[in-house]
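Close look at the chain arrangement
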Protein chains: 2
Amino acid sequence: MKAIVFDAYGTLFDVTSVAEVCDKQFPGYGQQISEMWRQKQLEYTWLRALMRRYEDFAAVNRGALQYALHQLNLWYDNEMLNTVLASYLTLPTFPDVPQALHALRTHRLAILSNGTQGMLEALVRNAGLLWNFDHVLSVDPLKTYKPDPRVYQLAVNALGVAKERILFISSNGWDVAGAKSFGFTVGWLNRRGKVAEELGIRPDYEVANLLELIERAFR
Amino acid sequence: MKAIVFDAYGTLFDVTSVAEVCDKQFPGYGQQISEMWRQKQLEYTWLRALMRRYEDFAAVNRGALQYALHQLNLWYDNEMLNTVLASYLTLPTFPDVPQALHALRTHRLAILSNGTQGMLEALVRNAGLLWNFDHVLSVDPLKTYKPDPRVYQLAVNALGVAKERILFISSNGWDVAGAKSFGFTVGWLNRRGKVAEELGIRPDYEVANLLELIERAFR
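Here we summarise the structure given alongside this text. (Residues numbered from 1 in each chain as written. Chains lettered and ligands numbered in written order. Predicted model: local features only at pLDDT ≥ 70, side-chain atom pairs only at ≥ 80, totals over all residues. Heavy atoms only, no water.)

1. Some details on the packing of aromatic side chains
We apply this condition: Each pair of aromatic rings taken from Phe, Tyr and Trp, with Trp reduced to its six-membered ring, is defined by centres within 6.5 Å and is described as stacked if the planes are under 30 degrees apart, edge-to-face if over 60, and tilted in the remaining cases. Only runs of H or I of at least four residues qualify as helices and only runs of E of at least two qualify as strands under DSSP, and these elements are numbered from the N terminus. Per-residue accessibility, obtained with a 1.4 Å probe over protein chains only, is compared with the maximum for each type, and a residue is labelled buried under 20%, exposed over 50%, and partly exposed between these values.
This structure, assessed with the given rule, holds 25 aromatic pairs over all chains. Judged by centre distance (5.3 Å) and plane angle (75 degrees), the ring pair of Trp-46 of chain A and Trp-174 of chain A falls under edge-to-face. Highlighted residues: Trp-46 of chain A in helix 2 (residues 30–51) and Trp-174 of chain A in helix 8 (residues 173–182), separated in sequence by 128 residues. Comparing Trp-46 of chain A with Trp-174 of chain A shows no difference in burial state: the two are buried. Relative to Phe-168 of chain B, the ring of Tyr-152 of chain B lies with its centre 5.6 Å away and its plane at 90 degrees, an arrangement referred to as edge-to-face. With a gap of 16 residues between them, Tyr-152 of chain B in helix 7 (residues 149–159) and Phe-168 of chain B in strand 4 (residues 166–170) connect regions that are remote in the sequence.

2. Re the side chain of Thr-185 of chain B
Worth spelling out the cut-off: Residues are treated as being in contact if the distance between any of their heavy atoms lies within 4.5 Å.
Position of Thr-185 of chain B among the secondary structure elements: in strand 5 (residues 185–189). In contact with Thr-185 of chain B, other than residues within four places in its own chain, are Met-1, Lys-163, Glu-164, Ile-166, Leu-167, Phe-168, Asp-204 and Tyr-205 of chain B.

3. Brief notes about the pairing of strand 1 (residues 3–6) of chain A
All names here are of chain A. Applied cut-off: In this analysis, strands are considered paired if DSSP registers two or more bridges between them.
Because side chains alternate across strand 1, one face comprises the buried residues Ala-3 and Val-5, and the other comprises Ile-4 and Phe-6, equally buried. In this structure, strand 1 lies alongside strand 2 (residues 108–113), joined through four bridges in parallel fashion. In the sheet register, Phe-6 faces strand 2, and the bridge partner there is Ile-111. Strand direction decides the pairing type here: strand 1 and strand 4 (residues 166–170), joined by four bridges, are parallel. Paired with Phe-6 across the bridge in strand 4 is Ile-169.

4. Describing the interface of chain B and chain A
This is how the line gets drawn: Values labelled buried area give the accessible surface lost by two parts on being combined, using a 1.4 Å probe and summing over both. Put simply, a salt bridge is a Lys or Arg side-chain nitrogen that is within 4 Å of an Asp or Glu carboxyl oxygen. Polar contact is the term for a pair of N or O atoms within 3.5 Å; when the atoms are in protein, one must be able to donate a hydrogen and the other to accept it, and sequence-neighboring residues count only if both atoms are side-chain atoms.
Every contact between the two is made by 34 residues of chain B and, on the other side, 34 residues of chain A. A combined buried area of about 3,100 Å² lies between chain B and chain A, and 62% of that area is made up of carbon and sulfur atoms. On the chain B side of the contact with chain A, Leu-50, Glu-198 and Leu-199 of chain B bury the most area, a combined 22% of that side's loss. One can count four salt bridges joining chain B with chain A. Residues Asp-148 of chain B and Arg-52 of chain A are paired through a salt bridge, measuring 3.5 Å at the closest nitrogen-oxygen approach. Taken together, the connections running from chain B to chain A amount to 14 residue pairs in polar contact (both at pLDDT 80 or more). At the level of secondary structure, the elements contributing two or more residues to the side of chain B that touches chain A comprise helix 2 (30–51), helix 3 (57–71), helix 7 and helix 8 (173–182) of chain B. No other element matches helix 2 of chain B, which puts ten residues into the side of chain B that touches chain A.

5. Describing the pairing of strand 3 (residues 135–138) of chain A
Here strand 2 of chain A pairs with strand 3 of chain A via four bridges, running parallel. For Ser-113 of chain A, the partnering residue across the bridge sits in strand 3 of chain A and is Ser-138 of chain A.

Purely spatial values, then, with no claim about function.
Here's what the structure looks like:
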């Protein structure tokens, strides 16, 4: 492996943590909002890419949150919306992330994500990890979303490495399928023991955490 | 309006009816299987279209059902799978459909659906509606899925009518967004009082059933 590319949301950064800030603004509904919001956020990226009506991830994320609040029939104003949305800039990393990045420090590392450049850099900086990565790559210049194969090509172009020499790591089954379909070597970080997606393609590695993946792919 | 184009699954035909056949094969799990299956079925059409790994709707539908069964940790064999999948060829129409099609009989009518040609023709024939439609159009020759704008263009090509003179009717909010984004005049058949999708686009009509739509669009 010549380089390692990480997905951000759900892979390095725990998106389920937003349930807490949701619950402060909408007591008793934090968990439900968080789940519906994440599901709609993903749906909207796929639908907008397919419809060719790209809006950046900040806008998509806002729309998805609004949908969840409407669905639950919850009243909100702009300030409440902005408070909840700001949580995406300070998501905590999963506990295995700092040690794993340290273990991989001699490799070329990148992030490839649906987020905007601004969102991603704020997120990585707030986590104190900006100097760990050679590249933080956003889909935004392409105006499409994962799993469009053009997104994965961004990492190949930035790193200048053949795609099968790139280890792509994601916790999201659909992202794993997209990355493997593109031609990366792929590790599925199945942190929560989910069942595999039935998309006719399997990752090269399936592990429960990053340290297990390092053990299997690099030793 | 020069022609009317209907979505099939969830719009003319009630996909939630499969809960019953699921429940016969997997007692106590019918409702849950039905909901997870439908959700995954849609996700897989979007993901496969974006990944450019098209498989026809029969294959996608099978994969989505398998995912739902794995997720619920239910044992199955091929015969059980085939029995459940066969229900997609005999879905009942919603109660307003026969009367609405009769009222619209002097117009040119078509179906435009993600289903394969074979699945759609069997479905429409089993419902006794084959002679009501001028065209039954499948995405299959294009090897992509809704809401890719090329799918909606299929209906324009088949009908030879300008797209804004075509009334497109769907119960699925994301299909409504895709059709309106493409340029059809669009009626959202919001049978179950769902909240609107936040995709930055609204239908021309929102109604609770087909007869209300006919009343508003044609009188």
